[in-house]
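# Secondary and tertiary structure notes
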Amino acid sequence: MGLSGLDIYKLLPKTNCRECGFATCLAFAMQLAKKAVGIDKCPYLDFEAKAKLEAQAQPPIKLITIGQGETRLEVGNENVLFRHEEKFYRPTGIGFILEDNITDAEIKDRVEKINGLKFERIGQTLEANLIAIRQNKDAKRFVNVVKIVSANTSLGLVLMSDDAQGLKCALEILKGKNPLVYHATKENLSGFAQLAKEYKVPLVAQADELEKISELSVDLVKQGVKDLVIEIGKKSISERIWDLTQIRRLALKKSNRSLGYPSLVVVDKNDLYEEIQEAATYISKYAGIILIKNIEAWAVLSLLTLRQNIYTDPQKPLQIEPRLYPIGQVTDKSPVLITTNFSLSYYTVLGEVEASKIPSYIISVDTEGMSVLTAWAAEKFTPHKITETINKIGVKDIVSHKHLVIPGYVAVMSGELQDESGFEIIVGPKEAAGLPSFLKNLQYEQI
Amino acid sequence: MALQLMTEKWTGEISVVTIGATSKNGGTRSYSIKIGGEKSLPCLFKEGTLPNKPQVAFEIFDVTPNDWPNEVIKLYGKSVNDPLEWAQMCIQDFKAQSLCIRLLGAHPDFGNKSAEEEVQLIKKLLKEIGVPLIILGSGDDAKDNLLLPAISEAAKGERCLIGSAVQDNYKTISAGVLADGHSIIAESPIDVNIAKQLNILISDMGLPLERIVMNPTIGALGYGLEYAYSIMERARLAALSGDKTVACPFICFVGQEAWRAKESKVEALPEQGIIWEALTATALIQAGADLLIMRHPKAVEKVSRYIENLMTNDKILSPK
């Protein structure tokens, strides 16, 4: 919620001293509201007014960076409560908790496995983001493990320790690597604030109640810490959803600066399913960072896939490359199915073709990511466009028959497409689910 | 300064649909289940009551399924060849609280069983098992218009949930369901407006909105899940804001979609399919799903426990 020029004017000294370069405080206020000048131009602002004006110039949820280089994680800067209102911008960072009381060999092995948690899906690479090292023994062991992990991964690190002395050594080793320090509480506030300031690293602020988190973040900011991540303590899933929802609502709708930071949730369950399901819940409900223990690839894949789904832009559907896709052991007699390059259309057709176990070619026509009916209505999926595509692909040199299967919903274009393309048009089922039985019964005269 | 929380004041609520009638209510079910009734978004107990937890029903077929992966089929063994045996196995071995039977065998492409054969099967099921029943047609519109009224009549008074009615084929099914005291599944293709329109059409025939369960058509995790997720969120927000025409509980065919995913069919990784089904359900519960139709007993077990975790901890805090 932005302040109006008049709101801002009320916060200014109203002395019309002109040191800002404007004739009056009111003129300056109007420029501030337009974000045309910075508030630092006014040398006479009191602390409170300055804080308020600074807050209004910032995004409601601060962008926080963890790690560095290509694998750095950026979370925050979210604008909405529901993805259909706009979109969720910064996919939840997924991190893995690594205990420091296992052997060096085990640590290297786990780090290696975490590094390998990369998956290709619908043309995107899905990756895990963070490794969180948790101290169980003395500072010396912790620092040693930090060294080992840091030398073996490019992922961002989270330092989970209550020991300021050990943390200091670890931060010294990780200079320039921008790890996240976990966590500042009411008890250790000054020591941890000092560390975060000295090493310019982001800091997790943790308390059990929202009100306490809010107070803590205000105190930390007063002590000069700029980059915060806020953590909700151990609670039931529903209570955590409530807290995460409140944090998002208050930051966005009430411009509450003290909660305007990405949130972090530690799931930490031994049962793999329970952990993954709980983590999945927080992906849907506003978590900026989730730390879990289990690293089984198949489970992590499911979590990262959910993140991909939830963070897809609802206005800009995922597209696939428009081209010919041979599915299974295709021959020159295999059927040729036409669909759009909207990922969901293509992958639905793909799923059914695979299920039918009948090798087929799928051609995705470039419809700019629109689904069959939408593209047809928008004239992106026309006889002309389809003909152009099949000619470019050279379908007549790939198959020996002259038949194309089109989606049932665009049956109306059969005649025109037949004339234009020179192919016999077979109208397929309206829904992809009908493809297996359609393909089993598909017969055409060989030409 | 005390932190002021931001609490939404919802004016609408989701209708409660009861599935299964006991002898007290003119049926023969051992118990009935209730879905819906929410006065708040999922898990936000502090904003309004969520009186009924999401329910999970096991899905079975009247014929041996031809497209279920081995990982699921092998758990049921030979009983997948006999719907009655299969139903009993779900109840006895896997503690199924309700069953969803799909009469695929009546489909012209999958056996073309007569309506009379299917009626006999449903009668037998109702006689031998006591759990509430969800009954789905074959998926072929013409056949279902013959089949479902006959099924509806055979199950008269049992308060089954019968489906699916779609925008261009709802009249025959709705009439049967209305006459025989059941509830209906209204299916729309990932579209809030069509869902709303269909609910209005069906209620115009005299079937009250309190007897409609919406099938928003879901995609599995990784296969368009987010479309259904947002459609459900939008419909639920509208309903809580007072739009009665979308204030019906959601049914989601989780098993059917999840086990079609490529990731669920990796023979070497049987657990990947289980988590695919469990996570599809988990995400949809957060979008407002009320009734989940599932296939793998282990996925059902994990999702049921998740639901317990969601519901128990906060009950005492929910406003009266």
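Our focus in this paragraph is the overall build of chain A. Per the secondary structure count, chain A includes 17 helices and 17 strands. Relative to a compact globule of 447 residues, whose C-alpha radius of gyration would be 22 Å, chain A shows 28 Å and is clearly more extended. Over its C-alpha atoms, taken along the principal directions, chain A stretches across nearly 85 × 65 × 35 Å. Across the 447 residues in chain A, those meeting the buried criterion constitute 46%. Summarising the internal contacts of chain A: among those between residues at least 6 apart in sequence, 65% fall at separations of at least 24.

Attention now goes to the overall build of chain B. Within chain B, the secondary structure is distributed over ten helices and ten strands. Relative to the 2.2 N^0.38 estimate, which gives 20 Å for 320 residues, the radius of gyration of chain B is 19 Å and therefore close to what a compact globule would have. Viewed in the frame of its principal axes, chain B has a C-alpha envelope of about 70 × 50 × 35 Å. Residue burial in chain B is summarised as follows: out of 320 residues, 55% are buried. Restricting the contact set of chain B to residue pairs at least 6 apart, pairs at least 24 apart contribute 69%.

The next subject is the packing of helix α9 (residues 270-287) of chain B against helix α10 (residues 297-312) of chain B. Residue and element names in this part refer to chain B. Two elements in contact, α9 and α10, have axes separated by 8 Å at closest approach and are oriented at 30°. Taken as axis vectors, α9 and α10 run roughly parallel relative to one another. Crossing geometry of α9 relative to α10 is assigned as right-handed. Contact residues: Ile 274, Glu 277, Ala 278, Ala 281, Thr 282 and Ile 285 in α9; Lys 298, Ala 299, Lys 302, Val 303, Tyr 306 and Ile 307 in α10.

Time to look at the pairing of strand β15 (residues 360-365) of chain A. Residue and element names in this part refer to chain A. Of all six residues that make up β15, six are buried, and the element is covered over most of its length. Burial along β15 is two-sided: the face carrying Ser 360, Ile 362 and Ser 364 and the face carrying Tyr 361, Ile 363 and Val 365 are both buried. When strand β13 (residues 324-327) meets β15, the two strands line up antiparallel, connected through four bridges. Across the sheet, the residue bridging to Ile 327 is Ser 360, located in β15. Pairing analysis gives five bridges linking strand β14 (residues 336-340) to β15, with the strands arranged parallel. Considered in β15, the bridge of Val 336 is made with Tyr 361. Each parallel crossover has a hand, and the one from β14 via helix α12 (residues 343-356) to β15 is right-handed.

Here the domain parsing of chain A yields domain 1 (5-57), domain 2 (64-310) and domain 3 (324-441). Taken over C-alpha atoms, the centre of domain 1 of chain A sits 36 Å from the centre of domain 2 of chain A.

The next point concerns the pairing of strand β3 (residues 55-61) of chain B. Successive residues of a regular strand alternate their side chains across the two faces of the sheet. Residues and elements named next belong to chain B. Summarising burial for β3: six of the seven residues are buried, a large majority. In this sheet, strand β10 (residues 289-294) lies alongside β3 in parallel orientation, the contact comprising four bridges. Its bridge partner being in β10, Ala 57 is matched across the sheet by Ile 293. Relative to strand β4 (residues 99-102), β3 runs parallel, the two sharing four bridges. By the bridge assignment, Ile 60 is partnered in β4 with Ile 101.

Where the residue is not glycine, phi is negative for most of them; where a peptide bond is considered, it is trans in most cases. With omega at -10°, the peptide bond leading from Tyr 182 of chain A into His 183 of chain A counts as cis. Here His 183 of chain A is to be found in strand β8 (residues 180-184). Cis geometry is found at the peptide bond from Gly 163 of chain B to Ser 164 of chain B, where omega equals 5°. Within the secondary structure, Ser 164 of chain B sits in strand β6 (residues 161-165). Positive phi outside glycine occurs at Asn 178 of chain A, with the angle close to 50°.

It is worth spelling out the environment of Leu 26 of chain A at this point. All names here are of chain A. Examined against the element boundaries, Leu 26 turns out to sit in helix α2 (residues 25-33). For Leu 26, a count of 16 C-beta atoms within 10 Å gives the class partly exposed. Distance in space between the C-alpha atoms of Leu 26 and Ile 131 is 50 Å, their sequence separation being 105 residues.

A few words on the interface of chain B and chain A. Chain B puts 39 residues into the contact, and the matching count from chain A is 43 residues. Counting residues per element, the ones that place at least two in the side of chain B that touches chain A are α7 (225-240), α9 and α10 of chain B. If you tally residues by element for the side of chain B that touches chain A, the top one is α9 of chain B, at nine residues. In terms of residue class, the side of chain B that touches chain A is built from 18 nonpolar, nine polar and twelve charged.

Residues and elements named next belong to chain A. Taken in spatial order, the eight strands line up as β3-β6-β7-β8-β9-β10-β11-β12 and close into a barrel, and their pairing is parallel. Mean inter-strand twist for the sheet, computed between neighbouring axes without regard to direction, equals 25°. Inspection of the sheet shows strand β9 (residues 203-207) paired to strand β10 (residues 228-232) by five bridges, in the parallel sense. Residue pairing in the sheet places Gln 206 in a bridge with Glu 231 of β10.

The next thing to look at is the nonpolar core. In globular proteins that are soluble, nonpolar side chains generally tend to be buried together. Of all hydrophobic cores here, the largest spans 226 residues; its most connected members are Ile 131, Ala 132, Val 181, Leu 203 and Ile 290 of chain A together with Leu 99 and Leu 284 of chain B. Two domains each provide a minimum of three residues to this core, namely domain 2 (64-310) and domain 3 (324-441) of chain A. Within the second largest apolar cluster, ten residues are counted, among which are Cys 25, Phe 28, Ala 29 and Leu 53 of chain A.

Further remarks concern helix α11 (residues 297-310) of chain A. Its 14 residues place the ends of α11 of chain A 20 Å apart at the C-alpha level, agreeing with the 20 Å of an ideal helix rising 1.5 Å per residue. Across the 14 residues of α11 of chain A, twelve count as buried, placing the element largely inside the fold. Those residues of α11 of chain A that fall on the buried side of the exposure criterion are Ala 299, Val 300, Leu 301, Ser 302, Leu 303, Leu 304, Thr 305, Leu 306, Arg 307, Gln 308, Asn 309 and Ile 310 of chain A. In this fold, the buried residues of α11 of chain A make contact with β3 (93-99), β4 (118-121), β5 (124-127) and α10 (272-284) of chain A together with α7 and α9 of chain B.

This brings us to the packing of α7 of chain B against α9 of chain B. Residues and elements named next belong to chain B. Taken N-terminus to C-terminus, the directions of α7 and α9 make an angle of 20°; their axes are 8 Å apart at the nearest point. As far as their axial angle goes, α9 and α7 are roughly parallel. The interaxial crossing formed by α7 with α9 has right-handed handedness. The segment α7 lies against α9, with Leu 225, Ala 228, Tyr 229, Met 232 and Glu 233 engaging Thr 280, Ala 283, Leu 284 and Ala 287. Class assignment for the residues of the contact of α7 with α9 results in seven nonpolar, one polar and one charged.

About the criteria used
Residues numbered from 1 in each chain as written. Chains lettered and ligands numbered in written order. Predicted model: local features only at pLDDT ≥ 70, side-chain atom pairs only at ≥ 80, totals over all residues. Helix = DSSP H or I, 4+ residues; strand = E, 2+ residues; numbered from the N terminus. Rg over C-alpha atoms; globule rule 2.2 N^0.38 Å. Buried ≥ 20, exposed ≤ 12 C-beta atoms within 10 Å, placed from the backbone. Contact = placed C-beta atoms within 7 Å. Axes fitted to C-alpha atoms, helices over the stretch in contact; angles between N-to-C directions. Parallel < 35°, antiparallel > 145°, perpendicular 65-115°, else oblique. Left-handed = near helix turned anticlockwise from the far one by under 90°. Pairing = 2+ DSSP bridges. Right-handed = clockwise from strand over helix to strand, strands pointing away. Domains from an automatic or database assignment. Nonpolar A, V, L, I, M, F, W, Y, C, P; charged D, E, K, R; others polar. Core = buried A, V, L, I, M, F, W, Y, C linked by C-beta atoms within 7 Å. Expected span 1.5 Å × (residues − 1).

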